Amino acid sequence: MNKYSTRKVELKRFYVPDNMYFITSVTANRKHIFSDEKNIKILLYAFNEYRYKYSYKIIAYVILPDHFHWLIIPDEKVNISKIMKAVKGYTAKKIGIGKLWQHQFLDHCIRKKEDYKIHIDYIHKNPIKHGLVKDIKDYTWSSFRNYNFDDNSIIKIDAIF
């Protein structure tokens, strides 16, 4: 049998200042780290803390047991790699279970209003897709409530209507 070796491939990122990005980050080995409310609150704290430190807008989010999706708009002073390094580093340190995140994250530059609508709908329906709830109104850890009930009690978002 052939033996294959693997190596980490660094993704090359293309940054557009003041542009909206759809970001996905997944836990190492898809562990359900964010089934625990304490860990979710640590991640939400990191979202909020670094939002002010690095000046980015949070347009939408969803946190699922083994990953999260975000729509953010960084300003021209910072790029998404720096933001993700900070958020992932903070949460890994605070949750303290060893390797918390997969090495990379996925990003997509939002170019059109239609693309934005598709991604925000995807974010908000993701808990249904993964069988966590039957009705999105029943899922706590998403910006759906911010948009539909003007509820900023979990985290404030920078809604675009």
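Only a predicted model underlies this, so the values are computations on that prediction, with no experimental measurement involved. (Residues numbered from 1 in each chain as written. Predicted model: local features only at pLDDT ≥ 70, side-chain atom pairs only at ≥ 80, totals over all residues. Heavy atoms only, no water.)

(A) Broad picture of the overall build of the chain. Looking only at helices and strands, the chain has four helices and four strands in total. Secondary structure of the chain in N-to-C order comes out as β-α-β-β-α-β-α-α. In terms of overall dimensions, the chain is globule-like: its C-alpha atoms have a radius of gyration of 16 Å, near the 15 Å expected for 161 residues. When its C-alpha atoms are laid out on the principal axes, the chain stretches across 55 × 35 × 30 Å. For the chain, the proportion of its 161 residues judged to be buried stands at 47%. Taking contacts inside the chain between residues at least 6 apart in sequence as the whole, the part at least 24 apart equals 67%. (Helix = DSSP H or I, 4+ residues; strand = E, 2+ residues; numbered from the N terminus. Rg over C-alpha atoms; globule rule 2.2 N^0.38 Å. Buried < 20%, exposed > 50% of the residue type's maximum accessible area, 1.4 Å probe, protein only. Contact = heavy atoms within 4.5 Å.)

(B) Structural view of the pattern of salt bridges. All chains considered together, the criterion is met by eight salt bridges. For aspartate 158, the salt bridge identified is with lysine 156, shortest N-O distance 3.5 Å. Note on lysine 156: relative accessible area 43%, which makes it partly exposed. What emerges from the salt-bridge pattern is a single network uniting Arg51, Lys156 and Asp158. (Salt bridge = Lys/Arg side-chain N within 4 Å of Asp/Glu carboxyl O.)

(C) Up close: the nonpolar core. With 50 residues, the main nonpolar core has Phe47, Tyr56, Ile63, Trp70, Leu71 and Val87 as its most contacted residues. Contributions of two or more residues to this core are made by β1 (21–26), α1 (37–54), β2 (56–64), β3 (67–74), α2 (80–95), α3 (113–129) and α4 (144–149). Not counting residues up to four positions away in its chain, the partners in contact with valine 87 are Leu43, Ala46, Phe47, Tyr50, Tyr56 and Trp70. (Core = buried A, V, L, I, M, F, W, Y, C linked by side-chain atoms within 4.5 Å.)

(D) How the structure looks around the packing of aromatic side chains. In the structure shown here, the tally under the stated rule is 12 aromatic pairs. On the numbers, 6.1 Å between centres and 75 degrees between planes, the contact of phenylalanine 144 with phenylalanine 149 is edge-to-face. On the accessibility criterion, phenylalanine 144 (14% relative accessible area) is buried. Take phenylalanine 149: its relative accessible area is 42%, and that puts it in the partly exposed class. (Phe/Tyr/Trp six-rings, centres within 6.5 Å; stacked < 30°, edge-to-face > 60°.)

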